[in-house]
Amino acid sequence: MNPPNITPGFPSRLPHVGTTVFTVMSALAAEHEAINLGQGFPDFPCDRQLIASVNEAMLADHNQYPSMLGVKELRSGIAHKIQQLYGHQYDPDSEITITAGATQGILTAILACVSPGDEVVIIEPAYDSYRPAIALAGGKAIAVSLQVVRDEQGQVASYEIPWEALANAIHSKTRLIIMNTPHNPTGMVWQRVDLDRLADLVQDTSALILSDEVYEHMVYDGASHHSVASHPLLAARSFLISSFGKTYHVTGWKIGYVAAPPALTKEFRKVHQFNVFTVNTPMQHGFASYLADASHYLNLPAFYQAKRDFFRASLANTGFKLLPSPGTYFQCVDYSALNIPQAKLNEAAFCKWLTTQIGVAAIPVSAFYHQATESGVLRFCFAKQEQTLSNALQRLQSL
Ligand code: PMP
Ligand code: GLN
């Protein structure tokens, strides 16, 4: 007799989670053959030399499990780079772990330090993986919102760190605070004084910090990235997370790292070893030899700033209001003053219309908030070839 074809039901671990907005919008863009300025990824190739380094590693038979911590030469290279850029010396053996992208680093760090009932402070709009990761750990997300600054016409002009709300949210039950600079989706960049202020807020607490710095090399107009690694008081309680996907135009390789003091790294690795155990070997060797050349990331701000400026100049005389974009490869715009009936649509509906009818995909900023927050703002990714941007901008200029 055949067994009955019934799959047992079980309570969802993430009952309120659907498919990530980036996947949804990319699928919609593909279906309608729209230009995809939604999900953040470059449409141009990475350096052939990087590919050659990975090929060499494969041909040299670096194809078995690497060290659980990550390939030693790569960890040393990362420690050297952080020391040069931010002045903090991490020990490659006890403080740096290679991860399968930033997403795995974030989830693993959260699982390693958040226990059921612990509070985790996040700042919304927030990258969409934070909340589900906190939920899987049994933690409680405490969200504060960036302050939205509006101009005289009521349109969004900029975002500011909500210090008062943060001060109220952080207390003895706070296990972790998640910060993200440069910030996805707003491009906001933390200043040194902001790090000082955060250090003041946490100094009498046992709160840890997770600093998501995947866009560390995309800060414009001559400004600097201020890493938690540059701030000894914060570095002593922080997981610093970055991703090679962003910096080296290889988002599909899924490789990044987490740097943290030994006590945090020890707990991180307990989870990491049963989460992915190790990260693919040839890519690690490839980056280990490629990383020494600093010219790639030192040139990145000029490379992306040119794209940002082209994008902004092309939208300057349209009904889109450009928000500041001091960092990341995203440009947010307020569409609420466009002289078309669709300007009244909510962000998700506007993005859907833009994708399906105008042929340009974007991400609604409301998707980065837990509770529907409508401000008439959407996010474009300008990490694209000039031709892609020109084609998209032509369509946007027609609105
Ligand atoms: N954090 C932020 C703020 C991001 O925008 C992204 C996205 N790409 C990630 C983390 C995840 O990076 P990765 O692709 O390396 O997992
Ligand atoms: N981080 C990218 C973005 O913000 C997308 C990553 C993803 O698709 N999960 O667009």
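Look a little higher up for the structure.
Residues numbered from 1 in each chain as written. Chains lettered and ligands numbered in written order. Predicted model: local features only at pLDDT ≥ 70, side-chain atom pairs only at ≥ 80, totals over all residues. Heavy atoms only, no water.

Peer 1: What's the story with the site of ligand 2 in this structure? I'm lost.
Peer 2: Surveying the vicinity of ligand 2 reveals the residues Phe 22, Gln 39, Gly 40, Tyr 127, Asn 184, Tyr 215, Lys 246, Phe 330 and Arg 379. Within the side chain of Gln 39, one N or O atom sits 2.7 Å away from an oxygen atom of ligand 2. Note that a nitrogen atom of ligand 2 is positioned 3.3 Å from one of the side-chain N or O atoms of Tyr 127. Protein burial of ligand 2: of its 300 Å² of free accessible surface, 82% is covered by the chains. The residue makeup of the shell around ligand 2, split by class, is 4 nonpolar, 3 polar and 2 charged. (Near = heavy atom within 4 Å. Polar contact = N/O pair within 3.5 Å; in protein donor to acceptor, adjacent residues only side chain to side chain. Areas by Shrake-Rupley, 256 points an atom, 1.4 Å probe, with all protein chains shown as cover. Nonpolar A, V, L, I, M, F, W, Y, C, P; charged D, E, K, R; others polar.)

Peer 1: In this structure, what is going on with the packing of aromatic side chains? I would like to understand it.
Peer 2: In this description, a pair of aromatic rings is defined by centroid distance and the angle of the planes. Across all of its chains, the model carries 24 aromatic pairs by this definition. Considering the side-chain rings of Phe 22 and Tyr 127, the 5.9 Å spacing of their centres and the 25° angle between planes classify their relative orientation as stacked. Placement of Phe 22 in helix 1 (residues 21–31) and of Tyr 127 in the loop between strand 3 (119–124) and helix 6 (130–136) is noted, with a sequence separation of 105 residues between them. Residue class for Phe 22 comes out buried when judged on its relative accessible area of 7%. Classification of Tyr 127 as partly exposed rests on a relative accessible area of 23%. Measuring from ring centre to ring centre gives 5.5 Å for Tyr 215 and Tyr 329, while their planes differ by 75°; the resulting arrangement is edge-to-face. Of this pair, Tyr 215 sits in the loop between strand 8 (208–212) and helix 9 (232–235) while Tyr 329 sits in the loop between strand 11 (321–322) and strand 12 (330–334), and the two are 114 residues apart along the sequence. The burial state of Tyr 215 is the same as that of Tyr 329; both residues are buried. Site record: aromatic cluster; members linked through ring pairs are Phe 44, Tyr 215, Phe 303, Tyr 304, Tyr 329 and Phe 330. One residue, Lys 384, lies across the ring of Phe 41, its end atom 3.8 Å from the ring centre. (Phe/Tyr/Trp six-rings, centres within 6.5 Å; stacked < 30°, edge-to-face > 60°. Helix = DSSP H or I, 4+ residues; strand = E, 2+ residues; numbered from the N terminus. Buried < 20%, exposed > 50% of the residue type's maximum accessible area, 1.4 Å probe, protein only. Lys NZ or Arg CZ within 6 Å of the ring centre and 35° of its normal.)

Peer 1: What is the right way to read the sheet that holds strand 14 (residues 363–364) from this model?
Peer 2: Sheets are built from strands paired through backbone hydrogen bonds, the pairs being either parallel or antiparallel. Strand order in the open sheet made by the 4 strands is 11-12-15-14, with antiparallel pairing throughout. Each edge of the sheet is formed by a strand with only one pairing partner; in this case those strands are strand 11 and strand 14. Taken strand by strand, helix 13 (residues 295–315) contacts strand 11, strand 12 and strand 15 (377–381), and its axis lies near 15° from that of strand 12. Most of the contacts of helix 14 (residues 347–358) go to strand 15, to which it runs at about 45°, and overall it touches strand 14 and strand 15. (Pairing = 2+ DSSP bridges. Contact = heavy atoms within 4.5 Å. Axes fitted to C-alpha atoms, helices over the stretch in contact; angles between N-to-C directions.)

Peer 1: Would you mind showing me how to read the pattern of salt bridges here?
Peer 2: Pairing between side chains becomes possible if they bear opposite charge and their charged atoms approach one another. One pass over the structure, following the stated rule, counts 10 salt bridges. The partner of Asp 196 in a salt bridge is Arg 192, and the shortest N-O contact between them spans 3.6 Å. On the criterion of helical spacing, the pair formed by Asp 196 and Arg 192 is a turn pair, its members being 4 residues apart in helix 8 (residues 192–202). Look at Asp 196 and you get partly exposed, because its relative accessible area is 33%. Among the ionic pairs, Asp 221 bridges to Arg 308, the shortest N-O distance being 2.8 Å. Of this pair, Asp 221 sits in the loop between strand 8 and helix 9 while Arg 308 sits in helix 13, and the two are 87 residues apart along the sequence. For Asp 221, a relative accessible area of 51% corresponds to the exposed category. (Salt bridge = Lys/Arg side-chain N within 4 Å of Asp/Glu carboxyl O.)

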